[in-house]
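Listed here are the chains, written in short residue letters.
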Amino acid sequence: GAVVSQHPSWVICKSGTSVKIECRSLDFQATTMFWYRQFPKQSLMLMATSNEGSKATYEQGVEKDKFLINHASLTLSTLTVTSAHPEDSSFYICSASRDFQETQYFGPGTRLLVL
Amino acid sequence: RKEVEQDPGPFNVPEGATVAFNCTYSNSASQSFFWYRQDCRKEPKLLMSVYSSGNEDGRFTAQLNRASQYISLLIRDSKLSDSATYLCAVNMKTSYDKVIFGPGTSLSVIP
């Protein structure tokens, strides 16, 4: 099967700091990676779609200057939450697929708590 | 209208029951459809892809109705371990590609 890892699993940080989350496809090349956010008892909300080597496409309402996404290689995408605030506390999940039409494989998620 | 909608739930069923979930989507150009299950505080896990001809995997059957723009998931002989939230996912072929998840339907299988 396809394995996707995320790091870190947990982050607790002070308000105003920036947090970087890594998403890696371990045994396949991911043409497309997705970043989702999930608040308690809610569904996954797509934040952005990124293709290797190009700029991410952000969903409406997601600030691209606050949530910086870099997909520099076929196995790594990063999400940086800049100047995090308590309302950014959430479960951030990435997924990766070999081709857009194919199945997405999810990372285990990163829980962010901003104090 | 939301892009992807699901039965609101929650569904509480006894062990051994058959339960069906429905999911509707708004974009008629959508081409790929999936069912995922998500356990509490975990990432979604792919349950099955949904094909035009329908597909079955053990106790799970998925159907796609393009004309009515809905997909369904049928679970037969429910087990306690089936308790989870079931999410449908649809690729939305808009000006760019994106995959949208439904809000999920919670299932509790009761002894």
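Structural data are supplied above this passage.
(A) Representation of the overall build of chain B within the structure. Helix and strand content of chain B: zero helices and 11 strands. Starting at the N terminus and ending at the C terminus, chain B contains elements arranged as β-β-β-β-β-β-β-β-β-β-β. Taking the principal axes of the C-alpha coordinates as reference, chain B spans close to 45 × 30 × 20 Å. Working note: accessible area of chain B is about 5200 Å², and carbon and sulfur atoms make up 49% of it. Between the mean site of the 12 positive side-chain charges and the mean site of the 11 negative ones, chain B shows a separation of 4 Å.

(B) Representation of the sheet that holds strand 1 (residues 4-7) of chain A within the structure. Residue and element names in this part refer to chain A. What the four strands build is an open sheet, ordered 1-3-8-7; its pairing is antiparallel. Of all the strands in the sheet, just strand 1 and strand 7 (67-73) have a single pairing partner and so form its edges. Adjacent strand axes in the sheet meet at a mean angle of 15°, parallel and antiparallel pairs treated alike. Pairing of strand 3 (residues 19-25) with strand 8 (residues 76-81) involves six bridges; the strand directions are antiparallel. Counted as the bridge partner of Val19 is Val81 from strand 8.

(C) Up close: the pattern of salt bridges. Residue and element names in this part refer to chain B. Evaluated as defined, the whole model comprises seven salt bridges over all chains. Asp39 is the partner of Arg37 in a salt bridge, and the nearest nitrogen-oxygen pair spans 2.7 Å. In this structure Arg37 comes out as buried when scored by relative accessible area, which is 16%. A residue is classified by how much of its surface remains accessible, and Asp39, at 29% relative accessible area, is partly exposed. In this structure, the salt-bridge partner of Glu43 is Lys45, at a minimum N-O distance of 3.1 Å. Residue Glu43 is classed as buried on the basis of its relative accessible area of 11%.

Calculation rules
- Residues numbered from 1 in each chain as written.
- Chains lettered and ligands numbered in written order.
- Predicted model: local features only at pLDDT ≥ 70, side-chain atom pairs only at ≥ 80, totals over all residues.
- Heavy atoms only, no water.
- Helix = DSSP H or I, 4+ residues; strand = E, 2+ residues; numbered from the N terminus.
- Areas by Shrake-Rupley, 256 points an atom, 1.4 Å probe, with all protein chains shown as cover.
- Lys, Arg positive; Asp, Glu negative; His and termini not counted.
- Charge placed at Lys NZ, Arg CZ, Asp CG, Glu CD.
- Pairing = 2+ DSSP bridges.
- Axes fitted to C-alpha atoms, helices over the stretch in contact; angles between N-to-C directions.
- Salt bridge = Lys/Arg side-chain N within 4 Å of Asp/Glu carboxyl O.
- Buried < 20%, exposed > 50% of the residue type's maximum accessible area, 1.4 Å probe, protein only.

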